[in-house]
Every structure is written in C-alpha cells, then in structure tokens.
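Close look at the chain arrangement
What follows is the residue order along each chain.
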Amino acid sequence: MTRPDGRTPDQLRPFTFERDFTTMADGSCLVSFGDTRVLCTASVDDDVPRWMRNSGKGWVTAEYSMLPGSSPERIGREAAKGKQSGRTVEIQRLIGRSLRAACDMTLLGERQVVVDCDVLQADGGTRTASICGGFIALHDALSRVVQRGDLARHPLHSFCSAISVGIVGGEPVLDLPYVEDSKAEVDMNVVMLSPVDGGEARFVEVQGTAEGMAFSRGELDSLLALAESGLAEIGAAQRELVATPPAERPA
C-alpha cells in the first residue's frame, strides 16, 4: 500500500517535541506530528477545585481549542459563541483523563494543574498530539515544583502517549493525517501508559469506531498491535527528552 505521503502502513509521521516553547507557563511544549502542530502549556495552582479541598489529593485537568487559523477555513472562536462544542468537551475530557492516569494525586498534594492544548495547525490527530505534548508540558511543570522544594518526589509514575490507527482501503495504518482520516473505514485512538520504572505498558483508553464498515476481532488486534509499536517509539522519544531536567526558574 502506498500512502499519500509515501509512508509505510506501520510508519509514524515525523514528530518533534519543542520543550519550553513559551517561558511564562510552568511547562510548555510545541508538538508536531507531520503538519499537525499543537502548543501545550501547563500551569500549576496551589489550590484544588472546591469539591476536592481537604482531601489531600491534587487534580490534573485539560482545556483544548482549535485556533481560527488552524484549518483552511477559519474556525470561529468558541468563546465568541458563548459555549463549547460537544467535540471540544469530549477531547479535553480525554486529554485530562489520560494525563491524570499518569499522575499520583496523593503525591501531587492539594494542587491543580491545568494543561492547555491549542491547535495551531490541524492535519489529523490533534487529540493524540495534545496528549503526547501535554505530557511533556505537565512533566516539566511538576519538575519545577520539585526543583523549588515544594514537592519531595515527582508525582508522575508513568509516561503517557497516544496515537491514531485506522483501516483505510482495507489496510490497517498508523498515525492518520486528515486525508486518510476523512475516508477511513475504521477510526481509532489509543492511549497508553509506560511506567517510569520500565514495567509493563498498559492501556488508558481505546476509542474505536466503524465509520464505513464493521471490523473483526482480528482487525482490532492488528490495530492495537500497530498502535503499540507507534506508542513505543513516541514513548522512547519522551524518555530521551526528559532525561535532562528542565531549566530551573526563579521562584
């Protein structure tokens, strides 16, 4: 099978993480998968939502948005419309669930971290890119809390990454750009954790939908195996990146 960009079915798009892309947020990362680019920032607040106060535990949540120029046709700002779309709410809940799964909330203490994911350019896989880049921003934000001496240990116990897989033209493929995603018979997003200590990787979420045809158990297994191979590559890049601590900042 020849894909539109010349990749093999099991090949990721070129991807990069640009750490500390901004300097105001506690942690930030510009993540790119092919032509998809998302700016992820993480902000730490020494407070938690009212319903969590006095629990001794923290909270990680996310917000997601498509900026007006992220698509060939301008996307209207949801703030101007006065409400978020169902798609936006669904995606930011997925990002928040995924990142919370990687964090020990008791070690975090009564702090809230908000991870903002703003899509600068969309070409498929914006939610999975947001999770991958959001993890780097979250990691660095919490690393700086540790550096300041406000946390005894880093609260993240696992690396978190996500990728899309699907069936296009009857063939399972990895990391779909828009041109493939828009015509896929099966569309799936897979989120996994890889423990910091090198233990067994585990699934956080599998979102799979038959868009054009129902899929078999064998096809499901093939898609999950394809996702696992891609996530192993992404996770290795995340590990290599954060092996060097982020630059310390004044308190």
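The text that follows walks through the structure, step by step, so that each part is easy to find. (Residues numbered from 1 in each chain as written. Predicted model: local features only at pLDDT ≥ 70, side-chain atom pairs only at ≥ 80, totals over all residues. Heavy atoms only, no water.)

Some details on the pattern of salt bridges
The full count for this structure, using the stated rule, is 13 salt bridges. A salt bridge links D5 to R7; the nearest nitrogen and oxygen atoms lie 2.8 Å apart. With a relative accessible area of 42%, D5 lands in the partly exposed category. The salt bridge involving R217 is made with D221; its shortest N-O contact spans 3.2 Å. Residue R217 and its partner D221 are both found in helix 6 (residues 217–242); the two are separated by four residues, about one turn of the helix. Residue R217 is classed as exposed on the basis of its relative accessible area, which comes to 62%. If you follow the salt bridges from partner to partner, you end up with D20, R144 and R249 in one network. (Salt bridge = Lys/Arg side-chain N within 4 Å of Asp/Glu carboxyl O. Buried < 20%, exposed > 50% of the residue type's maximum accessible area, 1.4 Å probe, protein only. Helix = DSSP H or I, 4+ residues; strand = E, 2+ residues; numbered from the N terminus.)

Overview of the sheet that holds strand 7 (residues 171–174)
With antiparallel pairing, the four strands of this open sheet are ordered in space as 7-6-8-9. Strands with a single pairing partner mark the edges of an open sheet, and in this sheet they are strand 7 and strand 9 (202–210). Averaged over all pairs of adjacent strands, the angle between their axes in this sheet comes to 20°, without regard to strand direction. Alignment of strand 6 (residues 158–168) against strand 7, held across four bridges, turns out to be antiparallel. Each bridged residue has a counterpart across the sheet, and for I167 the counterpart in strand 7 is P172. Taken strand by strand, helix 6 contacts strand 6, strand 7, strand 8 (186–195) and strand 9, and its axis lies near 145° from that of strand 6. (Pairing = 2+ DSSP bridges. Axes fitted to C-alpha atoms, helices over the stretch in contact; angles between N-to-C directions. Contact = heavy atoms within 4.5 Å.)

Points about the packing of helix 2 (residues 86–100) against helix 4 (residues 126–147)
The geometry of helix 2 relative to helix 4 is characterised by a closest axis approach of 10 Å and an angle of 40° between their N-to-C directions. Compared by their axis directions, helix 2 and helix 4 come out oblique. With respect to the hand of their crossing, helix 2 and helix 4 are arranged in right-handed fashion. Here R87, E90, I91, L94, I95, S98 and L99 of helix 2 come into contact with helix 4, specifically with T126, R127, S130, I131, G134, F135 and L138. Residues belonging to the contact of helix 2 with helix 4 are distributed by class as follows: seven nonpolar, four polar and three charged. (Parallel < 35°, antiparallel > 145°, perpendicular 65-115°, else oblique. Left-handed = near helix turned anticlockwise from the far one by under 90°. Nonpolar A, V, L, I, M, F, W, Y, C, P; charged D, E, K, R; others polar.)

What about the pairing of strand 2 (residues 27–33)?
For strand 2, the tally of buried residues reaches seven of seven residues, placing the bulk of the element in the interior. Side chains of strand 2 alternate between two faces, with G27, C29, V31 and F33 and S28, L30 and S32 buried alike. Examined bridge by bridge, strand 1 (residues 15–19) and strand 2 share five bridges and lie antiparallel to one another. Residue pairing across strands places E18 opposite L30, the latter belonging to strand 2.

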